Amino acid sequence: MEILLAPHPLLRQKANKLKIIKEEDIKIANQMMEIMDKAPGVGLAANQVGILKQIVTINFEDKVNNKKSKYILFNPSIIKYSIETVVMEEGCLSLPEQYADVERPQDIVVEYIDENKKTVKRAVEGYEARILQHEIDHLSGKLFVDYLSSLKRNILIKKVKKLQNLKKNNER
Ligand SMILES: [Zn+2]
């Protein structure tokens, strides 16, 4: 398992909903957790490791409120968005070293199945709401650069390609 970089075509595919959560899916989620922590990242969607299943992992630390949460979401969906929006800088493990301001709803209500196969419905705000929106976008083949102008989007994706080539040359 490794993290795919833009413009990999699997990042543009829709992930499939899980009919039932199998042992195998929990294994995938645990592996994703490991890769995400190593990266390090605050969230990871299964598309990013080339698996088209609706699985997201989160490792979120809110230093202001001294709150840590590490959890797995199967079949997550956002069922409510706040009218208020907020601009925050985003990055992505599939677009290393690229950052841009993105405007999104401030708060959401998310529904998902957890690793105990229980359906969870939860109101989320602030930075955590931001991470979840970003990761759930991945499951429908969407990247944060899609919120930018096509010019800016292309520049960021080109930079990822350039960085990759540099790395490859250095490894030679
Ligand atoms: Zn991402």
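A quick note: this is a predicted structure, and the numbers were derived from the prediction, not measured.

Asker: Which parts of the structure should I look at to understand unusual backbone geometry?
Answerer: The general pattern is negative phi for most residues beyond glycine and trans for most peptide bonds. Here Ala6 and Pro7 are connected by a cis peptide whose omega angle stands at 5°. A cis geometry characterises the amide bond from Ala39 onward to Pro40, with omega recorded as -10°. Secondary-structure assignment places Pro40 in the loop between helix H1 (23-38) and strand E1 (43-45). Notably, Asn75 is not glycine yet its phi reads approximately 50°, a positive angle. When you line up the elements, Asn75 lands in strand E3 (residues 67-81). Phi angles above zero are rare outside glycine, and Glu97 is one such case at about 70°. Residue placement: Glu97 occurs in strand E5 (residues 95-105). Since its relative accessible area comes to 56%, Glu97 is described here as exposed.

Asker: Before we go on, may I ask you to explain the sheet that holds strand E7 (residues 119-124) in this structure?
Answerer: Strand pairing in a sheet relies on backbone hydrogen bonds, with the paired strands running either antiparallel or parallel. Here we have five strands laid out as an open sheet, ordered E1-E2-E3-E6-E7, and antiparallel in their pairing. Each edge of the open sheet is held by one strand with a lone partner, namely E1 and E7. Across the sheet, the mean angle from the axis of one strand to that of its neighbour is 40°, orientation sign disregarded. As paired strands, E3 and strand E6 (residues 108-113) are joined by five bridges and run antiparallel to one another. Residue pairing for E6: Tyr81 is matched across the bridge by Ile108. The strands touched by H1 are E1, strand E2 (55-62) and E3; relative to E2, the strand with the most contacts, the crossing angle is about 40°. In the packing of helix H2 (residues 126-139) onto the sheet, the strands contacted are E1, E2, E3, E6 and E7, and the crossing angle to E3 comes to about 60°.

Asker: Would you explain the pairing of E5 in this entry?
Answerer: Two faces, one strand: in a regular strand the side chains alternate between the faces of the sheet. The pairing of strand E4 (residues 85-92) with E5 spans seven bridges and is classified as antiparallel. Bridging from a neighbouring strand, Cys92 pairs with Leu95 of E5. The turn joining E4 and E5, which pair antiparallel and follow one another in sequence, is formed by two residues.

Asker: I tried to follow the pattern of salt bridges on my own but got confused; where do I start?
Answerer: Side-chain pairs of opposite charge can arise whenever the charged atoms involved come near each other. Using the criterion set out here, one finds eight salt bridges in the structure. Here Arg12 and Asp146 are joined by a salt bridge, their closest N and O atoms 2.7 Å apart. Here Arg12 is found in the segment before H1, whereas its partner Asp146 is found in the loop between H2 and helix H3 (150-171), with 134 residues between them in sequence. Here Arg12 falls in the partly exposed class, since its relative accessible area comes to 39%. Salt bridges sharing common partners tie together Glu90, Arg104, Arg130 and Asp137.

Calculation rules
Residues numbered from 1 in each chain as written. Predicted model: local features only at pLDDT ≥ 70, side-chain atom pairs only at ≥ 80, totals over all residues. Heavy atoms only, no water. Helix = DSSP H or I, 4+ residues; strand = E, 2+ residues; numbered from the N terminus. Buried < 20%, exposed > 50% of the residue type's maximum accessible area, 1.4 Å probe, protein only. Pairing = 2+ DSSP bridges. Axes fitted to C-alpha atoms, helices over the stretch in contact; angles between N-to-C directions. Contact = heavy atoms within 4.5 Å. Salt bridge = Lys/Arg side-chain N within 4 Å of Asp/Glu carboxyl O.

Fair warning: the whole summary comes from geometry, so function is off the table for now.
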